[in-house]
Amino acid sequence: MSSETRSPLPRPLRRHASGESKNLATVSSSILPAFGTVIDEGYLQLKKYTIAPYDRRYRWWQTFLVLLVIYSAWSSPFELAFKKVATGSLMPVDLTVDAFFVADIILTFFVAYLDKSTYLLVDDHKKIAIRYATKLWLPMDIASTLPFQSIYRIITGKMHHDEVFGFLNLLRLWRLRRVSELFKRLEKDTRFSYFWTRYIKLISVTLFAVHSAGCFYFWLATHHKIPKETWIGAQIGDFKQRSIWLGYTYSMYWSIVTLTTVGYGDLHAENTGEKVFNILYMLFNIGLTAYLIGNMTNLVVHGAIRTFVMRDAINEILQYASKNRLPEGLREQMLAHMQLKFKTAELQQEEVLEDLPKAIRSSIAKHLFHRTVEKAYLFNGISDDLVSQLVSEIKAEYFPPKVDIILQNEIPTDFYIIASGAVDVLMYKNGTEQFLTKQGPAEMAGEIGVIFNIPQPFTVRTKRLSQVIRINHHHFKQMMQQQNEDGKIIILNFVQYLRSLKQELQQEIPFLAELLGDMNIEHVESSQEPQNTETLRSDNDEGANTQGRPTSYPLSSTLPVRVVIHGHHPNENTRDSSTRGKVIHLPDSIKDLLELAEKKFGKQGNTILMEDGTHVEELSAVRENDRLYIF
C-alpha cells in the first residue's frame, strides 16, 4: 500500500506512542499535523526498511558523525599545510572516517523526510531517493567522502603529493553543516542551557577560524621560493626540516596574535603574498570579532535585563514620590509592591499564560484555585460548573505586608479570596484608624461592597505576605445571569454571613438593615406562582432541600440590581420624609415593584418614570443605581 493511500497519521504522535521520545523538550523539528488530519491513538509503523528521523538510534548515529566531522574540520586544513601526515599517520584514520560517511550516504536513502507542504513524514523510498539525488546534498556528500589520493594510487600504482589533493580534501568541510544542525537542535532543547550551548558554539567558531588561518599561514611559507623571506623563515631558517608540531605551534601563535590584534612584532609578513593574506584575514577578523562580541553581550545582558528593569522601576518610583512629596509610609508600600512584583514574576508568569489558549489557562486555574474557591463561604454548596467558570476568570496576586488591598469608600470593582497569608479589616472613623477584625485563608474581602453595590465599607490591609485571588464584579454578575439555583445559594450564603457578623461590624455597613429587609421572603413571594409556594412549603415540612439548604429565603435567581425609588414625579421638589428616596433591590416584575413602592411610601402608584421623565415599560432596561419615580 502506498503512502498516499494509507492513513496520514502525524508522526509526532507515533513518536510519543512508541516511547522513542518521552520528553517533549527534545522535539526540535517542526513536525506538525496538517489541518483536518484524523489522529489515531494507535502506533502506525513506517514502511519496511524506513528509518524515522526522530528515531533514538538514528539520533545517536548523527551525534557520532558530528564527532567525526570535528576531526575532519581539524584534519583537512592541517593536511593541506603539512603534506607528510596526509600520506602518513593520518591516512588510515581518514579512510576509516570516510567509510562511516559512505555508510551514512547509503543510510540517507532510507530515512523518511518531512514534507513542508503537508507537515507529514514521507516514507516512500522512491520519493526519498529522488529528493536526495536531485538536491545538492548527494553530489557534495560524495565529493566530500571520496579518498581522491587513495583512488589515484590504486589507478596509477604510485603515490602522488600534488597540491590538488590537499585542496580536494577541503571538500570535507562540507560536513560542517551537521555541526550547525546539531547546535540548532541543542539551542531548542530545554534540557540544555541556552547560554552554554551558545557559548560553546562561539568558541568552536573561533577555534576553527584560528586553526584554518594558521594552517594556511604555514602553507604560504612552505610554497614561497625563498624560505627565509617568509614570516616563519625569518625566525627559523630550516623550518621545513623541523618538527611538524613546531611549525603548527608557530602557526597557531601568529594566527591568534593577528586575530586578537595584539601585534607583538616578533612575527610579521615578509612577502607580498603573506601581506595580502594578512589584509584579508584582518578584514575577516573585524566581522568575526563583531559577531562574537555581539553574541556574548546579548547573552550577558539577557541574563541581567530583569535586574535593569527592576532598578529603573524603583528609581522612577522614588523620583515620583519625591516630586509629589508622598508620605514615607506610602512610599514604602510602593517600593515593597514593586520589589514583590519582580520577585513573584516567576510564580505568576502572566505573559506566559496570556499566550496559551483559554482552555489551557482555565485548566491551569482550576488545578491551582478550585479548592480555594470552594472553601470560600460565598460559594459553599454551588455547582462545580459555576466554580469552573469562576476560576477561569480569576487572577492571583501577591501583596507584601502592610499594603492596602481595598480602601474604604472606593468604588467596588473587585472582591478577593485570601489564598494564603492574613489581612486586617480596618475602618477610619472620626479621623482615627480602628481595627475591626482579622481574616485568613479561604476568607473573603470586598464582597459586601460588590454585592450591595455600595462604596467599600472597610479598608483591608495585609498583615504579612499574602496571596489573594481577585474576581471582577462584572464577570461575576454576568455568570450569575444564567445560574438560577446557584444565584439563590450565593445570596443565601451572603445573607447568613451578614447575620453572623458581630454587631459592631453590622453597624458600620451602610443601609444594612434595609438591604437585608429587601432580601426577605416577602420580596420574592409575590412573584412566585401558588404552586411554587406550595412546593416550597412542602419542602420545608420535609426538612432541607436537595441542595442541603433551608428554604427560608427563596431569592432571586440572579444577583439583585440596586436602585433608588421615589414616591413623586421627577419634576417635583419635596423635602417630605415620606417621599425621600428608598434604596431597594429591583424585583422581578413591574407589579411587584408597584406593590413594594406602595409598601414603602404608603400610597398606590401606577406610573414609573426615569429621572429624565422616560416611561419604564420593562424592568430589564433598568440598570444599577438608576432612580425610579413611582406615583
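As a reminder, the structure under discussion sits directly above these lines.
Novice: What should I look at first to understand the packing of helix α2 (residues 56–81) against helix α4 (residues 91–108) in this one?
Specialist: Packed helices, taken two at a time, are described by their axes: the angle between them and the distance between them. The geometry of α2 relative to α4 is characterised by a closest axis approach of 10 Å and an angle of 140 degrees between their N-to-C directions. Between α2 and α4, the crossing angle belongs to the class labelled oblique. For the pair α2 and α4, the sense of crossing is left-handed. Of the residues in α4, those in contact with Tyr58, Trp61, Gln62, Phe64, Leu65, Leu68, Val69, Tyr71, Ser72, Ser75 and Glu79 of α2 are Val93, Asp94, Val97, Phe100, Phe101, Ala103, Asp104 and Leu107. The residue makeup of the contact of α2 with α4, split by class, is 13 nonpolar, three polar and three charged.

Novice: I tried to follow the pairing of strand β3 (residues 395–399) on my own but got confused; where do I start?
Specialist: Working note: regular strand, side chains alternate between the two faces of the sheet. With four of five residues buried, β3 lies mostly within the body of the structure. Bridge count for β3 against strand β10 (residues 466–472) is five bridges, and the pairing is antiparallel. Bridged to Glu397 within β10 is Val468.

Novice: Would you take a moment to explain the sheet that holds strand β4 (residues 404–406) for this structure?
Specialist: Strand pairing in a sheet is mediated by backbone hydrogen bonds. Such pairs are either parallel or antiparallel. What the four strands build is an open sheet, ordered β4-β9-β6-β7; its pairing is antiparallel. The outermost strands of the open sheet, each flanked by one partner alone, are β4 and β7 (432–439). Adjacent strand axes in the sheet meet at a mean angle of 35 degrees, parallel and antiparallel pairs treated alike. Pairing between strand β6 (residues 423–429) and β7: seven bridges, direction antiparallel.

Novice: Just checking my understanding: could you explain the pairing of β6 for this structure?
Specialist: Taken across its seven residues, β6 has five buried, putting it largely inside the fold. Adjacent in sequence and paired antiparallel, β6 and β7 are bridged by two residues, among which Asn430 carries a positive phi angle near 55 degrees. As judged from the four bridges shared by β6 and strand β9 (residues 459–462), these two strands associate in the antiparallel manner. Bridge pairing in β9 links Leu426 to Thr459.

Novice: When you look at helix α9 (residues 176–188) in this model, what are you seeing that I'm missing?
Specialist: Taking 1.5 Å per residue as the helical rise, α9 with its 13 residues ought to reach 18 Å, and the 19 Å between its terminal C-alpha atoms agrees with that figure. Among all positions of α9, only Arg178, Val179, Leu182 and Phe183 are buried. When α9 is viewed along its axis, its buried side chains cluster within an angular range of 140 degrees and face the same direction. Considering only its buried residues, α9 is in contact with α2, α4 and α10 (194–222).

Novice: Even after reading the chapter, I still don't get the packing of aromatic side chains, so can you show me in this structure?
Specialist: Two aromatic rings, taken as a pair, are described by how far apart their centres are and by the angle between their planes. Under the definition given, this model contains 29 aromatic pairs. A ring pair is formed by Phe78 and Tyr248, whose centres lie 5.3 Å apart and whose planes are at 80 degrees; its orientation type is edge-to-face. Within this pair, whereas Phe78 is found in helix α2, its partner Tyr248 is found in helix α11 (residues 244–259), the two being separated by 170 residues in sequence. Residue Phe78 is classed as buried on the basis of its relative accessible area of 1%. Ring centres of Phe195 and Trp196 lie 5.2 Å apart, and the angle between their planes is 90 degrees; on these two criteria the pair is classed as edge-to-face. Taken together, the ring pairs in this structure connect Tyr71, Trp74, Phe78, Phe82, Phe218, Phe239, Trp245 and Tyr248 into an aromatic cluster. The side chain of Lys135 reaches across the aromatic face of Trp137, ending 5.7 Å from its centre. Seen from the ring of Phe101, Arg175 lies directly overhead, with NZ or CZ sitting 4.0 Å from the centre.

Rules used throughout
- By convention here, each chain's residues receive numbers from 1 onward along its written sequence.
- Predicted model: local features are reported for residues with pLDDT of at least 70 only, side-chain atom pairs are reported and counted for 80 or more only, and whole-chain, interface and lining totals are derived from all residues.
- Think of the side-chain values as coming from all heavy atoms in the structure, minus any hydrogens and water.
- The axes used here are C-alpha line fits, helices contributing only the stretch in contact, and every angle between their N-to-C directions lies in the interval 0 to 180 degrees.
- Helix and strand assignments follow DSSP, with helices taken as H or I runs no shorter than four residues and strands as E runs no shorter than two, numbered in order from the N terminus.
- Comment on the angle field: the value is read as roughly parallel under 35 degrees, roughly antiparallel over 145, roughly perpendicular from 65 to 115, and oblique elsewhere.
- Definitions for this section: a left-handed crossing has its near helix turned counterclockwise from the far helix by less than a right angle. A right-handed crossing has that turn clockwise.
- Contacts are assigned to residue pairs that have any heavy atoms within 4.5 Å of one another.
- The residue classification treats Ala, Val, Leu, Ile, Met, Phe, Trp, Tyr, Cys and Pro as nonpolar and Asp, Glu, Lys and Arg as charged. All others, Gly included, are polar.
- Exposure categories follow from relative accessible area, calculated using a 1.4 Å probe and restricted to protein chains: below 20% of the type maximum is buried, above 50% is exposed, and the middle band is partly exposed.
- By this definition, two strands are paired if DSSP reports at least two bridges between them.
- Expected span of a helix, by definition, is 1.5 Å for each gap between consecutive residues, and there is one gap fewer than residues.
- The directions from the helix axis to the C-beta atoms are what the arc is built from.
- Each Phe, Tyr or Trp ring, with Trp reduced to its six-membered ring, pairs with another whose centre is within 6.5 Å; inter-plane angles below 30 degrees give stacked pairs, above 60 give edge-to-face pairs, and intermediate values give tilted ones.
- Placement of a charge over a ring requires the Lys NZ or Arg CZ to be within 6 Å of the ring centre, with the centre-to-atom vector within 35 degrees of the ring normal.

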